[in-house]
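Now for the letters of each chain:
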Amino acid sequence: MSEKTYAGFVTAALIAPLVALCCFGPLVLGSLLGGVAGWLGGLNFLEVAGATAGAAVAVYAFLRWRRTRVCQAEKQQTSTPPDRRTLR
């Protein structure tokens, strides 16, 4: 077992972007699409960066909104006690 000391660093350098992509996949995809749309639109660097950031914020807000709606729907289904009149 002659492991090199830099093997852990190389592994971390290869795995960290994959983990970030899995965790922030929708954000990365939204940013990528915003950046490509800005680039193809002929915008300069700052405008493309703005389009990328705007797309990332929009995707993040949509995901939070959807998660909130799903949690509210689950609470409504599970937290209401049954009515005694309907059980008879």
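It should be noted that the structure appears before, not after, this text.
Residues numbered from 1 in each chain as written. Predicted model: local features only at pLDDT ≥ 70, side-chain atom pairs only at ≥ 80, totals over all residues. Heavy atoms only, no water.

Visitor: Looking at this model, I keep getting lost on the overall build of the protein. Mind explaining?
Guide: A tally of regular secondary structure across the protein gives four helices and zero strands. When the helices and strands of the protein are read in sequence order from the N terminus, they spell out α-α-α-α. The 88 residues of the protein split such that 10% are buried. Roughly 7800 Å² of accessible area belongs to the protein as shown, and the carbon and sulfur atoms make up 68% of that amount. (Helix = DSSP H or I, 4+ residues; strand = E, 2+ residues; numbered from the N terminus. Buried < 20%, exposed > 50% of the residue type's maximum accessible area, 1.4 Å probe, protein only. Areas by Shrake-Rupley, 256 points an atom, 1.4 Å probe, with all protein chains shown as cover.)

Visitor: Help me understand the packing of aromatic side chains in this model?
Guide: Each pair of aromatic rings is reported with the distance of its centres and the angle of its planes. Following the criterion strictly, the structure yields one aromatic pair and no others. Arranged with centres 5.9 Å apart and planes meeting at 35°, the rings of F62 and W65 form a pair that is tilted. Here W65 and F62 lie together in helix α3 (residues 45-78), a separation of three residues that amounts to about one turn. Given a relative accessible area of 44%, F62 falls into the partly exposed group. (Phe/Tyr/Trp six-rings, centres within 6.5 Å; stacked < 30°, edge-to-face > 60°.)

Visitor: Looking at this structure, how should I read helix α1 (residues 7-23)?
Guide: In an α-helix, one turn spans 3.6 residues, which is why side chains three or four residues apart end up on the same side. With 17 residues, α1 should cover 24 Å at 1.5 Å per step; its first-to-last C-alpha distance of 24 Å lies within 8% of that length. Maximal helix bending in α1 amounts to about 25°, located at I15; proline P17 follows within four positions. (Expected span 1.5 Å × (residues − 1). Bend = angle between axes of the 7 residues up to and from the residue.)

Visitor: Explain a nonpolar patch on the surface to me, please; I cannot follow it from the model alone.
Guide: Residues Y6, F9, V10, L14, I15, L18 and V19 make up a contiguous nonpolar surface patch of about 740 Å² in total accessible area. Following the sequence through the fold, Y6 ends up in the segment before α1. (Patch = residues over 30% accessible without salt bridge, like charges linked within 9 Å, V, L, I, M, F, W, Y side chains within 5 Å. Salt bridge = Lys/Arg side-chain N within 4 Å of Asp/Glu carboxyl O.)

Visitor: Whenever I open this one, helix α2 (residues 25-40) confuses me. Can you help?
Guide: Under the 1.5 Å per step criterion, the end-to-end length of α2 is 22 Å for 16 residues, consistent within 8% with the ideal 22 Å. Just beyond α2, the residue with positive phi is G42, at close to 80°.

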